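Fold and geometry: a report
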Amino acid sequence: MKTRIILALLMLLCTSGLSAQQVLTLEQCREKALQANKGLKMSEEKRIETENLQKAALWQMLPKVGATGGYTWMDKSVNLLSDEQRDRINNLGNNVQNSIDQAIREEAGNLPIGGQLIGDLLSNVVNNSNLSSSLNNVGQEITQALETDTRNTTFGVVTLTQPIYLGGKLMALYKTASLMNRLSGIEYDKKKEETLIAVDEAYWQVVSVKHKKELAEQYAALLDTLNHNVEELVAAEMATKGDLAKVRVKLNEAQMSLTKATNGLALAKMLLAQRCGMPLDGDFDVSESNPTLALTRRQTIDMEDVWQNRREMQMLRISDSISQQGVRLAASSLKPNVAFTGGYLFSNPNLFNGFQNEWGGTLMAGVVVNVPILHIGGIYSIKAAKAKRREVAYQIEEAQEMIELQVNKLNCELELAYKKLDQAQSNLTQAEENLRLADESFKAGMCSSSDLMAAQTAWMSAKSDILDAEIEIEMNSIYLTQAIGK
């Protein structure tokens with residue numbers, strides 16, 4: 001009863017341990033990598049940045065409305081009249097009366113008879129009139145009206161500015177921002193592509209090492225069986241201790257290879273976990289056991305389609321368009337700029353109603369024109385922008401040559417990998433037959449343990465070569481698919 005309970009507990013523990021292990025497919029690894037990759041997140045933020053810059057460039061062509069206001073305190077008010085002018089206007093009646101009185105006396109003094117009497121009479125009439133006081137009042141009213149209470153001034157202005165023609169600058173900026181937005185989108189796709197390829201490399205590396213570990217286990221099991229059989233033969237004096245020593249050396253080597261494969265599998269899983277954003281010490285396994293071998297031995301490739309589809313070429317073509325807009329932007333500095341401006345100005349005191357302590361304002365409208373006359377630096381800026389565009393053109397030509405070389409190289413490597421697989425499969429068929437015959441001969445006592453170990457080693461080598469060829473085909477297929485822009 002106790003034994004059954006212990007066995008049940010052990011089975012429960014083993015079952016819980018197995019259920020805790022996560023099994024991941026290639027697609028799941030790709031999804032995790034896309035979610036965890038920091039570089040991809042930065043590319044996404046860059047795309048959002050350029051998208052908003054494009055919108056900002058569009059708004060540069062639309063009207064801009066702004067408002068400005070302020071308050072000013074001054075110790076003195078603004079005076080439109082000097083102290084002398086103010087005194088003369090305040091005493092306007094006295095000054096006019098004195099001038100009239102003097103003129104009457106001068107003219108009356110020129111009369112031959114009774115001039116003095118007439119002058120005194122007219123002078124008394126003028127002096128007894130209200131002319132002096134009336135004009136003095138008028139002068140005081142004038143000076144009071146011209147006094148400004150500007151010690152406390154509040155002002156504001158609302159302006160509207162609409163660019164009409166800026167030498168093509170605004171359109172060049174908008175097109176450049178649009179191209180930058182497209183460029184960031186392609187960079188995001190390229191980064192996503194690179195992330196997926198990195199995950200595929202790590203994934204198939206885990207598959208490869210996992211199979212090699214299983215192969216090492218099988219090889220060690222064969223040698224362990226052989227070691228047991230040779231021990232029995234030595235006990236029966238049908239084999240020598242030297243034969244047993246050779247088998248044990250091979251067994252130790254196989255166990256060492258198994259240890260290396262186990263450690264290699266742990267490291268390969270750590271790399272895959274890192275690229276998927278999972279804990280490095282996480283316990284997981286991969287579901288695919290064999291590569292898909294999707295592509296044929298050699299691809300028929302149209303380089304025009306490749307140059308059209310490759311991300312690098314798309315980015316270079318956009319860079320060429322950006323450099324073209326750079327030429328137009330540099331040329332705009334030598335062209336006239338025209339803009340419409342309008343607004344509403346308001347203030348307190350009212351500037352448009354005798355500086356009354358009240359709000360007042362007025363509408364404004366105008367056109368601003370700026371014509372460059374001597375801008376030598378702009379000429380050199382145009383030359384620099386044209387040189388930049390020629391540089392991009394050379395980069396496009398060089399990229400086409402390098403891409404064509406890369407595609408042809410990968411295509412040849414894919415075909416070579418298939419040839420390796422064919423050879424490895426042929427070798428495996430022969431190695432399996434050789435191992436079968438050697439095993440039967442050893443059991444019949446017709447061959448030595450060394451011959452059997454040689455057959456086992458050849459079998460393991462052939463199995464390993466097949467695995468390497470399959471992984472090489474899978475990776476070359478991935479690389480070639482990326483190279484042709486699919």
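Structure: see above.
What this report covers is the structure whose coordinates are included nearby. Bear in mind that the values here come from a model prediction, so they are computed numbers and not experimental data. (Residues numbered from 1 in each chain as written. Predicted model: local features only at pLDDT ≥ 70, side-chain atom pairs only at ≥ 80, totals over all residues. Heavy atoms only, no water.)

Points about the overall build of the protein chain
Operational definition: The helix count covers DSSP runs of H or I at least four residues long, the strand count covers runs of E at least two residues long, and both are numbered beginning at the N terminus. For each residue, the accessible area found with a 1.4 Å probe, counting protein chains only, is set against the maximum for its type, and the residue is called buried under 20%, exposed over 50%, and partly exposed in between. The contact definition used throughout considers only heavy atoms, calling two residues in contact when any of these lie within 4.5 Å. Here the accessible surface of atoms and residues is derived via Shrake-Rupley with a 1.4 Å probe, and residues count as covered only by protein chains that are part of the display.
In terms of regular secondary structure, the protein chain is built from 13 helices and six strands. Within the protein chain, buried positions represent 33% of all 486 residues. If you take every contact in the protein chain between residues at least 6 apart in sequence, the share linking residues at least 24 apart comes to 83%. Total accessible area on the protein chain is roughly 29500 Å²; 57% of this is exposed by carbon and sulfur atoms.

Looking at the nonpolar core
Cut-off, in case you're wondering: What we call a nonpolar core is a set of buried Ala, Val, Leu, Ile, Met, Phe, Trp, Tyr and Cys residues that are connected through their side-chain atoms within 4.5 Å.
Formed by 45 residues in total, the largest nonpolar core has its most connected members in Leu223, Leu226, Val230, Met313, Ile403 and Val407. Secondary-structure elements contributing two or more residues to this core are α8 (169-235), α9 (241-275), α10 (303-309), α11 (311-332), α12 (376-443) and α13 (449-483). If one sorts the elements of this core by residue count, α12 sits on top with 16 residues. Every residue in contact with isoleucine 403, bar those within four places of it in the chain, is listed here: Met303, Val306, Trp307, Arg310, Met313 and Ala483. In terms of nonpolar packing, the next biggest core, distinct from the first, is built from 24 residues, Leu24, Val199, Ala202 and Tyr203 among them.

Some details on α13
To keep it simple, the criterion reads: In this scheme, a helix's expected span is set at 1.5 Å multiplied by one less than its residue total.
For α13, built from 35 residues, the straight-helix expectation of 51 Å at 1.5 Å per residue is met to within 8% by its first-to-last C-alpha distance of 50 Å. Count one or two residues on from α13 and you reach glycine 485, which has phi positive near 80°.

Observations concerning α9
With 35 residues, α9 extends 51 Å between its outermost C-alpha atoms, agreeing within 8% with the 51 Å of an ideal straight helix rising 1.5 Å per residue. When we look at burial in α9, the residues that qualify are Leu244, Val247, Leu251, Ala254, Ala261, Leu265, Ala268, Lys269, Leu272 and Ala273. On its buried side, α9 packs onto α2 (26-36), α8, β4 (284-286) and α13.

With respect to the environment of serine 321
Locating serine 321 in the fold gives a position in helix α11. Measuring from C-alpha to C-alpha, the distance between serine 321 and leucine 179 comes to 7.5 Å, with 142 residues separating the pair along the chain.

Quick word on empty space enclosed by the protein
Put simply, the rule reads: Here a cavity denotes a set of grid points, spaced 1 Å apart and computed over the protein atoms alone, in which a 1.4 Å probe fits but from which it cannot get out, and a pocket denotes an open set meeting protein on both sides within 12 Å along at least five of seven lines; residues with an atom within 4 Å of a point are reported as lining. Grid points are joined across faces, edges and corners, and a volume is the space filled by probe spheres set on the points. Each residue is assigned to one class: nonpolar for Ala, Val, Leu, Ile, Met, Phe, Trp, Tyr, Cys and Pro, charged for Asp, Glu, Lys and Arg, and polar for all the others, Gly among them.
All told, the structure shown has one cavity of 30 Å³ or more when counted by the stated rule. When its volume is computed, the largest cavity comes out at roughly 50 Å³. The wall of the largest cavity is formed by Val78, Asn79, Leu80, Leu81, Arg86, Thr143, Leu146, Glu147 and Thr148. Looking at side-chain class alone, the lining of the largest cavity contains four nonpolar, three polar and two charged residues.

Focus: the pattern of salt bridges
Heads up, the condition is: The working definition used for a salt bridge is a side-chain nitrogen of Lys or Arg within 4 Å of a carboxyl oxygen of Asp or Glu.
Summed over all chains, the structure comprises 21 salt bridges. Measuring nitrogen to oxygen at the nearest pair gives 2.7 Å for the salt bridge that ties glutamate 44 to arginine 47. In this pair, glutamate 44 and arginine 47 are both assigned in helix α3 (residues 38-59), three residues apart and thus about one turn of the helix distant. Glutamate 44 sits in the partly exposed class, given a relative accessible area of 23%. On the basis of relative accessibility, which here comes to 26%, the residue arginine 47 falls in the partly exposed class. Note that lysine 212 is salt-bridged to aspartate 468, the shortest N-O span being 2.8 Å. Residue lysine 212 is found in helix α8, and its partner aspartate 468 is found in helix α13; the two are separated by 256 residues along the sequence. Within the structure, one salt-bridge network assembled from shared partners comprises Glu44, Arg47, Glu51 and Lys55.

What to know about the packing of α8 against α9
How we decide: In this analysis an axis means a line fitted to C-alpha atoms, helices contributing only their contacting stretch, and an angle means the value between N-to-C directions, from 0 to 180 degrees. Orientation is classified from the angle alone, with under 35 degrees giving roughly parallel, over 145 giving roughly antiparallel, 65 to 115 giving roughly perpendicular, and any other angle giving oblique. Here is the rule for handedness: rotate from the far helix to the near one, and if that takes an anticlockwise turn smaller than a right angle the crossing is left-handed, while a clockwise turn gives right-handed.
Close contact between α8 and α9 brings their axes to 8 Å; oriented N to C, the two are set at 160°. Classified by the angle between their axes, α8 and α9 sit roughly antiparallel to one another. For the pair α8 and α9, the sense of crossing is left-handed. Across the contact of α8 with α9, the residue classes break down as 23 nonpolar, five polar and 13 charged.

Let's talk about the pairing of strand β3 (residues 152-165)
The side chains of a regular strand alternate between the sheet's two faces. The line we're drawing: Note: two strands are recorded as paired if DSSP finds a minimum of 2 bridges between them.
Relative to β3, strand β2 (residues 64-73) runs antiparallel, the two sharing ten bridges. What sits directly across from tryptophan 73, in β3, is asparagine 152. Inspection of the sheet shows β3 paired to strand β5 (residues 337-348) by eleven bridges, in the antiparallel sense. Bridging across to β5, tyrosine 165 finds its partner in valine 338.

A look at the sheet that holds β3
Strand order across the open sheet formed by four strands is β2-β3-β5-β6, with antiparallel pairing between neighbours. On the outer flanks of this sheet lie β2 and β6 (360-370), each paired with one strand and no other. On average, adjacent strands in this sheet sit at an angle of 20° to one another, irrespective of strand direction.

Some points on a negative patch on the surface
Operational definition: Residues form patches when they are more than 30% accessible in relative terms and have no salt bridge. Like charges link within 9 Å. Nonpolar side chains (Val, Leu, Ile, Met, Phe, Trp, Tyr) link within 5 Å. Positive charge is attributed to Lys and Arg, negative charge to Asp and Glu, and no charge count is given to His or to the chain ends. A single reference atom marks each charge: NZ on Lys, CZ on Arg, CG on Asp, CD on Glu.
A surface patch of like charges, here negative, comprises Glu397, Glu398, Glu401 and Glu404. Inspection of the secondary structure puts glutamate 397 in helix α12.

A short note on the side chain of serine 43
Mapped onto the elements, serine 43 comes out in helix α3. By relative accessible area, serine 43 is classed as buried at 15%. Those residues in contact with serine 43 that sit more than four places away from it in its chain are Glu187, Tyr188 and Lys191.

Quick look at the packing of aromatic side chains
The following threshold applies: The pairing test for Phe, Tyr and Trp rings, Trp by its six-membered ring, is centres within 6.5 Å, and the orientation test on the planes gives stacked under 30 degrees, edge-to-face over 60, and tilted for anything in between.
Enumeration over the complete set of coordinates arrives at three aromatic pairs. Seen in terms of ring centroids, phenylalanine 346 and tryptophan 359 are 6.0 Å apart; in terms of plane orientation they differ by 55°. Their pairing is tilted. Placement of the pair is phenylalanine 346 in strand β5 and tryptophan 359 in the loop between β5 and β6, with a sequence separation of 13 residues. Residue phenylalanine 346 is classed as partly exposed on the basis of its relative accessible area, which comes to 29%. Ring pairing ties together the aromatic residues Tyr344, Phe346 and Trp359, which thus form one cluster.

What about the side chain of glutamate 193?
We count it as follows: Whenever a nitrogen or oxygen atom comes within 3.5 Å of another N or O atom, the pair is scored as a polar contact, on the condition that within protein one atom can donate a hydrogen and the other can accept it, and that pairs from neighbouring residues in sequence are kept only if both atoms are in side chains.
Following the sequence through the fold, glutamate 193 ends up in helix α8. Of note is the side chain of glutamate 193, whose polar atom sits 3.4 Å from the side chain of glutamine 482. With near-sequence residues (within four places) excluded, glutamate 193 lies in contact with Arg311, Gln482 and Lys486.

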